[in-house]
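In case you want the letters, here they are:
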Amino acid sequence: MTPKKPPTAFFYYLEDFRKEFQEQNPHVKSMSEVGKACGEKWKTMTYEEKIQYYDIATEKRAKFEKDMMDYVKKKFCFSLRMRNNVTRILRLKKEILNKVTKRSRIKKPKTRDTLKFYRNQLGFEKPSTVLIDGSVLFYLTSRGLTIEAIRNLIDDSDAKPITTECVLREMEYFSERYSKSVSDLHRSIGLANMLDVESCMHEKEVNAEKCIRSFVGINNTRKIFVATTVNDYWPLVNKNPMIPIITVDNGSLVLKQRSNKEQNRTIKKWCVEYPIQQPDGITKKDLKKSPSYKRLKGRKKFYGYAGKIALGDGNGQVRAISEQLGAMEWPYQKVRECLVKQLLLHPELYQDHVSPPANADADLTYLEYIKITSRDGEWGDEYTLQVAADFFEVIIVVLTSDEQVAVNDYFPHGVDDHKQVLFLSCLDEKYYNSMRPKSSIASTCKYDYM
Ligand SMILES: [Zn+2]
């Protein structure tokens with residue numbers, strides 16, 4: 001018989017839990033209810049409490065692996081003796097070995113891996129910037145800890161702790177209403193005042209949560225670590241792996257784990273400006289193999305345009321516009337400023353249409369959208385193209401890699417005579433670049449575009 005795979009640590013705990021639970025709740029008969037209660041308990045248990053079950057699981061797992069190896073050997077030798085069928089034996093061997101190597105590992109906390117992911121894959125360089133909120137400052141002072149605890153956690157002795165005006169204001173507000181541990185609260189406000197308090201410049205006062213969210217931004221271009229204990233309520237921060245979260249779990253400071261799936265998704269979506277070694281990340285080589293790259297390349301050739309198709313850093317669209325307008329007079333930072341100005345001056349044109357760049361599930365206000373658009377490294381979208389067309393009074397023609405549509409164009413609102421036609425290429429709705437006419441057909445098109 002094939003050795004049977006042993007269950008995980010949780011099931012060994014379940015055996016203990018069930019006995020106790022059924023003694024206390026004799027009326028509960030359903031196994032699923034017991035399982036549910038057990039699962040909830042398991043979630044709240046510390047690693048120390050769980051370790052005895054992990055030990056059992058590890059021991060059983062080791063035995064299983066040994067049995068499996070014996071089984072493989074025996075089966076292999078037996079087959080070899082009895083039947084002289086080499087291919088069959090090899091297949092059998094491979095099959096069984098696969099079973100052994102595919103075993104799931106027992107999970108242990110992996111701060112190191114997550115830290116490595118941020119440092120090596122996402123380019124979070126030392127010294128790190130750590131934005132600390134009131135809850136963590138309170139945690140530190142009430143435990144008699146200092147900022148060093150955070151520095152140790154992320155293995156960066158020069159990490160720079162910062163906080164914002166809104167965090168400080170909220171802490172002061174609570175100190176007036178807080179009934180217990182007032183002295184801790186006062187001490188944590190003292191600690192907050194010792195950090196670099198960065199001004200966040202909102203139009204009006206906002207709560208600390210909103211402040212931190214807009215301060216860090218969806219793409220976290222400043223590569224900030226956020227230290228907070230209340231992240232469960234902050235989906236936008238919490239679910240965005242671009243933002244490393246330092247939080248408190250079972251009474252100790254931890255770096256929030258990011259699963260491999262989350263890591264890969266992040267790399268694919270946002271991490272294009274750094275050299276990527278991971279096989280799952282996009283590299284220039286992968287890019288050139290992708291069907292959309294080939295499609296765009298073909299279209300450029302067909303229409304007679306030249307220009308690079310490349311991975312961008314988030315500034316691709318403004319850079320391409322700047323290049324077309326004349327980069328000397330219109331450096332891309334200035335182009336970005338103009339887009340923001342146009343958005344602020346004419347909310348009536350855009351506020352019903354805009355969606356936050358590069359993150360469709362975020363629920364942002366128009367002002368937050370503008371603020372994000374204003375940041376260096378934030379990706380442009382089709383709305384920012386329309387905004388650019390309006391502000392500069394130009395027609396923007398975009399050759400795309402889209403399967404259905406080869407060309408998108410954006411005409412300025414309320415303008416009879418456009419000043420210029422800008423020609424951009426766009427790969428995967430994201431990577432913009434400037435292009436120039438190569439053939440004579442394309443150059444006539446530049447003047448006759450309609
Ligand atoms: Zn603020």
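Residues numbered from 1 in each chain as written. Predicted model: local features only at pLDDT ≥ 70, side-chain atom pairs only at ≥ 80, totals over all residues. Heavy atoms only, no water.

Engineer: What should I look at first to understand the sheet that holds strand S2 (residues 160-164) in this one?
Structural biologist: Strand pairs in the sheet, formed through backbone hydrogen bonds, run parallel or antiparallel to each other. Reading across from one edge, S3-S2-S1-S4-S5-S6 is the order of the six strands in this open sheet, with mixed pairing throughout. With one partner strand each, in any of the chains shown, strand S3 (196-198) and strand S6 (252-255) form the two edges of the open sheet. In this sheet, neighbouring strand axes are inclined to one another by 35 degrees on average, regardless of whether the strands run parallel or antiparallel. Sheet topology places strand S4 (residues 224-227) next to strand S5 (residues 245-249); two bridges connect them, and they run parallel. (Pairing = 2+ DSSP bridges. Helix = DSSP H or I, 4+ residues; strand = E, 2+ residues; numbered from the N terminus. Axes fitted to C-alpha atoms, helices over the stretch in contact; angles between N-to-C directions.)

Engineer: Just to check I follow, could you spell out the side chain of Thr247 for this structure?
Structural biologist: Within the element layout of this structure, Thr247 appears in strand S5. Classification of Thr247 as buried rests on a relative accessible area of 9%. A distance of 2.9 Å separates a polar atom in the side chain of Thr247 from the backbone oxygen of Thr228. (Buried < 20%, exposed > 50% of the residue type's maximum accessible area, 1.4 Å probe, protein only. Polar contact = N/O pair within 3.5 Å; in protein donor to acceptor, adjacent residues only side chain to side chain.)

Engineer: It is not clear to me how the sheet that holds strand S9 (residues 407-410) should be interpreted in this structure. Could you clarify?
Structural biologist: Sheet architecture is open: four strands sit in the order S9-S8-S10-S11, paired in mixed fashion. Looking at the sheet topology across the chains shown, the edges are occupied by S9 and strand S11 (431-434). Averaged over all adjacent pairs, the angle separating strand axes in this sheet is 25 degrees, with direction ignored. As paired elements, strand S10 (residues 421-427) and S11 share four bridges and run antiparallel to each other. The residue of S11 that forms the bridge with Leu424 is Ser434.

Engineer: How do you make sense of unusual backbone geometry when you look at a structure like this?
Structural biologist: Glycine aside, a negative phi is what most residues show, and trans is what most peptide bonds show. Following Lys126, the chain continues into Pro127 via a peptide bond in cis, with omega recorded as -5 degrees. Inspection of the secondary structure puts Pro127 in the loop between helix H5 (111-121) and strand S1 (129-132). The backbone phi angle of Asp428 is positive, close to 50 degrees, even though this residue is not glycine. Of note, Asp428 is situated in the loop between S10 and S11. In this structure Asp428 comes out as partly exposed when scored by relative accessible area, which is 40%. Here the phi dihedral of Glu429 falls at roughly 60 degrees; this positive angle occurs in a residue that is not glycine. Among the structural elements, Glu429 can be located in the loop between S10 and S11. Relative accessible area serves as the criterion here: at 65%, Glu429 is assigned to the exposed category.

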